[in-house]
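In case you want the letters, here they are:
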Amino acid sequence: MVHQAFKLFESLSVWENVVYRREPRRGIFVDGARARAQVEELARRHGLPIDPKARVANLPVGVRQRLEILKALYREAQVLILDEPTAVLTPAEVSTLFTVMKSLAAAGCTILLVTHKLNEVMAVSDRITVLRDGRVSERLVTAETDPDEIVRAMTGHHVTLQIPKKPREPGKVKLETEGLVVEQHGRRVVDDVSLQVSGGEIVGIAGVAGNGQSELIEALMGLTPIAAGTVSLDERDVTHESVAAHRAGGLSYIAEDRARTATAATASATDNLAMGFHRTPPIAVRGLLQPQAMRTWARSLIERFDIKIASEDTLVGTLSGGNLQKVVTARELAHNAPVLIAEQPTRGVDVGAIAFIHAELLNERDRGHGILLVSAELSEILALADRILVMYEGRIVAEFARADADEATLGLYMAGGARV
Amino acid sequence: MTVAAEVRTHLTRHVGPLLPIVGAVAVGFGVCGLIALWVGLRPSLMFRQLIKGAVEGPQLFETVARAVPLVGMTLAAAIPLRAGIVNLGADGQLALGGCAAAIVALYFPAPDFVRLGVALAAGMAVGASYAALAAGGEIYAGVPLLLSTWLLTYPAKGLCGYLVRTSLRDPLTAWPSTSRIAVGARLGSLIPGTPVNQGLLLIAVVAIAVIFVDRRTSVGFELRLRGLNERFARYGGVSLRRQTLGVMIASGAIAGLVGSIMVLGSQFRYTDGALTAPQYSWSGTLAALLAGGEPVGSVIAAVLFAALQTGGFAMERSVEIPRVLTMVLQSVVILFLAMRGAIWKRP
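Parameters and conventions
Residues numbered from 1 in each chain as written. Chains lettered and ligands numbered in written order. Predicted model: local features only at pLDDT ≥ 70, side-chain atom pairs only at ≥ 80, totals over all residues. Helix = DSSP H or I, 4+ residues; strand = E, 2+ residues; numbered from the N terminus. Buried ≥ 20, exposed ≤ 12 C-beta atoms within 10 Å, placed from the backbone. Rg over C-alpha atoms; globule rule 2.2 N^0.38 Å. Contact = placed C-beta atoms within 7 Å. Axes fitted to C-alpha atoms, helices over the stretch in contact; angles between N-to-C directions. Parallel < 35°, antiparallel > 145°, perpendicular 65-115°, else oblique. Nonpolar A, V, L, I, M, F, W, Y, C, P; charged D, E, K, R; others polar. Pairing = 2+ DSSP bridges. Domains from an automatic or database assignment. Expected span 1.5 Å × (residues − 1). Arc of directions from axis to C-beta. Left-handed = near helix turned anticlockwise from the far one by under 90°. pLDDT = per-residue confidence, 0-100.

Student: Give me the lowdown on the overall build of chain A, citing residues and values where you can.
Tutor: Scanning chain A from terminus to terminus reveals 14 helices and 18 strands. Seen through its C-alpha atoms, chain A measures out along the principal axes to roughly 75 × 55 × 40 Å. The burial tally for chain A puts 42% of its 420 residues in the buried class.

Right under this line is the structure:
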């Protein structure tokens, strides 16, 4: 198994990483010389050039991945699982990897490649299994299929949720980014993203999870440093300002991880719903909390959003996913902010809560507020968005008006298909 | 809601969290009882001596006098702990604060009572600044607070030790220390004939202020929620850096105040090592841990520890049981409390 995030001892050398837990021994000592020779021989045999004495911390990611594969081969693995192996590689490293994969397969190894990129599937695989919502939706033979058929199997033919929508009345641009870049470990995870969200519209960002959406949103909120480009709210530059400044400038934010980020599980609903309102009247007057006002506030939100909870004192960690998501949605909508960022607002919640949250989001739009909606669910994007951007490998690769978008086209762009 | 349900909610919210603490204290006493049996003493006798030594007659005032610095150092530990961060450098802030207070009380040219006030303020300011330095280490240089606070302890103690051996040295004493502070610039006795001084009032004010801020202000709300989930606090717009700085300044100021109270109220001079020898900062950290940083619980735990320690000294004198046993008791209580994740949360 080669994980997407490498599992290596960075401070140790290549050979030590390879032989770890299966060291050649001489008495009670590790036989270093023999281990190095074995690793060298293994690398040569499989055409994976690497210096056994190099320190892992000094290696580029492409070589680290080679090392991960060597680790598996040293254990005489017959089946090699590669989980999104190209996510961290440069194009040149990708083509080297593909060569290695093909030669390993030719040597009798079975390779299971997990990827969401169409071109990779078409380039190296023999057979394809498509997963959708945790189920196998199609089994294909690469030589007999084409990208379109794979995309159809990936996106399926959902019955698009039809929610009656009023015609869009876009207002002024509220949130704008120019050439936004976020770097992690020297890679551009968000690459030159420019987008605008106006009042009265829902802008959807479609994309397979892990293509830079989370990093983009964190950058928009001031949660992660921005390497280049600008973010402005209502024409005011907030690029390098704090989260508090972003919120004060008119952003509110439904974070994707409701249990770890958007709530405190061991705090009461009262506390969770007061967060963000805890410095201003009626919750706080001159820095003093008003316990009665806090309770009234919590009760009114619980009632308005129909949150199933024993009382406002109940710890929110005890709530179901749908009710917890309603707590988050209630709080963020209560900010009445000109722009709402909704990240996976209905992931893993029940159908009733989905309908409720969708209706609330549309309602927010009709009140003239802008919404930036990030979702891995195409049906959600298609049901709610007025404009749709597709994100792939950190870049916005396509933009559609809702009327011009359909699942097949979006799916093709999401899988990088437009580049095949 | 029915009455029964209301009672149940009340119990789970207010009594439930206390159960592990009561259990851990009970186990601690049990273990110490067993140790007493093992060495051939009646546990009942031992505990009676312990309790008598803590609260009987004049011993009660000894306990109160000991509780003053201990409660102070507990609060210095509890404030950061409430937000989930740790100040391991309270000893350094304590020593510097005490030393600064001594210098002002000895050499600042002003009327006595002004000098006293300035000395207390200087102790707090120096403690706060030194803690802010450690916070700065984390915020601007990436040194983990655990390390920056802890390691800055030694230069602080070293500097004070150097000063009292050189320019501040009172040549008449055998031990490196400053001269004696004039009576007028001392904190007076609160209850004549006992070691309880006016420092009690200062620490009481601090404790009430800390409890009030924790329970009733926006600042306390942010602190508490950061302790419960730091990611949530950041997401909600709490500036963690500014908060870390604020928390450390408050914590260091209290540690500095405790040092000043010890110097101005009971020792009347800064003596090398005398402030840190009783290890109030460690006992304080333990008491704060016992209460999970919640200030009311922390104060109660600190008073309990003060009683245990005074009782331990008395027990050692009267029945020749070494007072290390009270340290065993404290440690066992904390260990069992730390285990509560495993023991108490099992379904």
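Picking up where we left off.
Student: Outline the overall build of chain B, supporting the account with residue identities and numerical values.
Tutor: The helix and strand inventory of chain B stands at 16 helices and zero strands. Against the compact-globule benchmark of 20 Å for 347 residues, chain B has a radius of gyration of 21 Å, which places it among compact chains. Seen along its three principal axes, the alpha-carbon backbone of chain B occupies a region of about 65 × 60 × 35 Å. Residues classed as buried in chain B amount to 49% of the 347 residues present. Across chain B, contacts joining residues at least 24 apart in sequence account for 76% of those joining residues at least 6 apart.

Student: Give me the lowdown on the packing of helix α6 (residues 147-155) of chain A against helix α14 (residues 407-414) of chain A, citing residues and values where you can.
Tutor: All names here are of chain A. For the pair α6 and α14, the least separation of the axes is 9 Å and the interaxial angle reads 105°. With respect to α14, the axis of α6 lies roughly perpendicular. Touching Pro147, Val151, Arg152, Met154 and Thr155 of α6 are Glu407, Ala408, Gly411 and Leu412, all from α14. When the residues that make up the contact of α6 with α14 are grouped by side-chain class, the tally is five nonpolar, two polar and two charged.

Student: Help me get a handle on the interface of chain A and chain B, residues and values and all.
Tutor: With 24 residues of chain A at the interface, the matching set in chain B holds 18 residues. Residue assignment for the side of chain A that touches chain B shows that the elements contributing at least two residues are α8 (243-248) and β14 (288-289) of chain A. With three residues, the single largest contributor to the side of chain A that touches chain B is α8(A). Each residue belonging to the side of chain A that touches chain B can be placed in one class, and the counts come to eleven nonpolar, eight polar and five charged.

Student: Describe the sheet that holds strand β10 (residues 228-233) of chain A, listing the residues and the values that go with them.
Tutor: Residue and element names in this part refer to chain A. Strand order in the open sheet formed by four strands is β8-β7-β10-β11, and the pairing between neighbours is antiparallel. Looking at which strands have only one partner, the edges of the open sheet turn out to be β8 (187-198) and β11 (236-237). For strand β7 (residues 173-184) and β8, the ladder comprises eight bridges, and the chain directions are antiparallel. Residue pairing for β8: Thr177 is matched across the bridge by Leu195. Strand contacts of helix α7 (residues 213-221): β7, β8 and β10, with the helix running at about 60° to β8, the strand carrying the most contacts.

Student: Tell me what's going on with the sheet that holds strand β18 (residues 395-401) of chain A, and back it up with residues and numbers.
Tutor: All names here are of chain A. Reading across from one edge, β12-β15-β16-β9-β17-β18 is the order of the six strands in this open sheet, with mixed pairing throughout. With one partner strand each, in any of the chains shown, β12 (251-254) and β18 form the two edges of the open sheet. Within this sheet the neighbouring strands show an average axis-to-axis angle of 20°, counted without direction. As defined by bridge partners, strand β9 (residues 202-206) adjoins strand β16 (residues 370-375) across five bridges and the pair is classed as parallel.

Student: So, the domain arrangement of chain B: which residues are in play, and what are the values?
Tutor: Residue and element names in this part refer to chain B. Taken domain by domain, chain B holds domain 1 (19-41 + 323-347) and domain 2 (46-320). Centre-to-centre separation of domain 1 and domain 2, based on C-alpha positions: 26 Å. Counting residues at the interface gives eleven residues for domain 1 and twelve residues for domain 2. Of all elements in the fold, only α2 (19-38) and α15 (324-338) reach the threshold of two or more residues within the side of domain 1 that touches domain 2. Top contributing element to the side of domain 1 that touches domain 2 by residue count: α15, with seven residues. Split into classes, the residues belonging to the side of domain 1 that touches domain 2 amount to eight nonpolar, two polar and one charged.

Student: An account of unusual backbone geometry is requested, with residue identities and associated values reported.
Tutor: Residues and elements named next belong to chain A. With omega at 5°, the peptide bond leading from Pro281 into Pro282 counts as cis. Inspection of the secondary structure assignment puts Pro282 in the loop between α9 (269-274) and β13 (284-285). Here the phi dihedral of Asp234 falls at roughly 50°; this positive angle occurs in a residue that is not glycine. Relative to the elements of secondary structure, Asp234 occurs in the loop between β10 and β11. Although it is not a glycine, Gln344 adopts a positive phi angle of roughly 45°. Relative to the elements of secondary structure, Gln344 occurs in the loop between β15 (339-343) and α12 (351-366). Judged by C-beta crowding, with 22 C-beta atoms within 10 Å, Gln344 ranks as buried.

Student: Would you mind going over helix α9 (residues 199-216) of chain B in detail, with residue names and values included?
Tutor: Residue and element names in this part refer to chain B. Look at α9: 25 Å from first C-alpha to last across 18 residues, which is about the 26 Å you get at 1.5 Å a residue. Taken together, the buried positions of α9 are Gly199, Leu202, Ile203, Val206, Ala207, Val210 and Asp214. One side of α9 holds all its buried residues, which, seen down the axis, span an arc of 135°. Among the exposed residues of α9, those pointing more than 90 degrees away from its buried face are Leu201, Val205 and Ile208. Structurally, α9 contributes buried residues whose contacts are with α4 (59-82), α10 (218-228), α12 (240-267) and α14 (295-319).

Student: Tell me what's going on with the domain arrangement of chain A, and back it up with residues and numbers.
Tutor: All names here are of chain A. Considered domain by domain, chain A is made up of domain 1 (14-155) and domain 2 (173-419). Placing the centre of domain 1 and that of domain 2 at their C-alpha centroids yields a distance of 37 Å. Counting residues at the interface gives ten residues for domain 1 and eleven residues for domain 2. Those elements giving two or more residues to the side of domain 1 that touches domain 2 turn out to be α5 (118-124) and α6. Of the residues in the side of domain 1 that touches domain 2, the class split is five nonpolar, three polar and two charged.

Student: Before we move on, can you summarise the environment of B:Leu41 with the specific residues and values?
Tutor: Residue and element names in this part refer to chain B. Inspection of the secondary structure puts Leu41 in the loop between α2 and α3 (43-55). Classification of Leu41 by C-beta neighbours within 10 Å gives partly exposed; the count is 17. The contacts of Leu41, once residues within four sequence positions are left out, are Ala36, Met46 and Ile321.

Student: So what's going on with the environment of B:Ser148? Which residues, and what values?
Tutor: Residue and element names in this part refer to chain B. Turning to its location among the elements, Ser148 is positioned in helix α7 (residues 145-151). On a C-alpha basis, the gap between Ser148 and Val263 in space is 26 Å, while along the polypeptide they are 115 residues apart. Look past the residues within four positions of Ser148 in its chain and what remains in contact with it is Ala134, Gly137, Glu138 and Val143.

Student: Residue-level account of the packing of α4(B) against helix α13 (residues 280-290) of chain B, with values.
Tutor: The geometry of a pair of packed helices is captured by two quantities: the angle between their axes and the separation between those axes. Residues and elements named next belong to chain B. Taken N-terminus to C-terminus, the directions of α4 and α13 make an angle of 55°; their axes are 7 Å apart at the nearest point. Our classification of the angle between α4 and α13 gives oblique. The chirality of how α4 crosses α13 is right-handed. Residues Pro69, Leu70, Met73, Thr74, Ala76, Ala77, Ala78 and Leu81 of α4 touch α13, and the partners they reach there are Tyr280, Ser281, Ser283, Gly284, Thr285, Ala287, Ala288 and Leu289.

Student: I'd like to hear about the confidence of the model for chain B, residue by residue, with values.
Tutor: Residue and element names in this part refer to chain B. Looking at chain B as a whole, its pLDDT mean stands at 90, while 93% of the residues score no less than 70. A low-confidence stretch, residues 342-347 (pLDDT under 50), is modelled with one contact involving residues beyond four sequence positions or located in other chains. Scoring of the predicted complex yields 0.84 for pTM and 0.86 for ipTM.

Student: Any chance you could break down the pairing of strand β6 (residues 135-141) of chain A for me, citing the residues and the numbers?
Tutor: All names here are of chain A. A small share of β6 lies buried, amounting to zero of its seven residues. Inspection of the sheet shows strand β5 (residues 127-132) paired to β6 by six bridges, in the antiparallel sense. The residue bridging Ile128 from the neighbouring strand is Leu140, located in β6.

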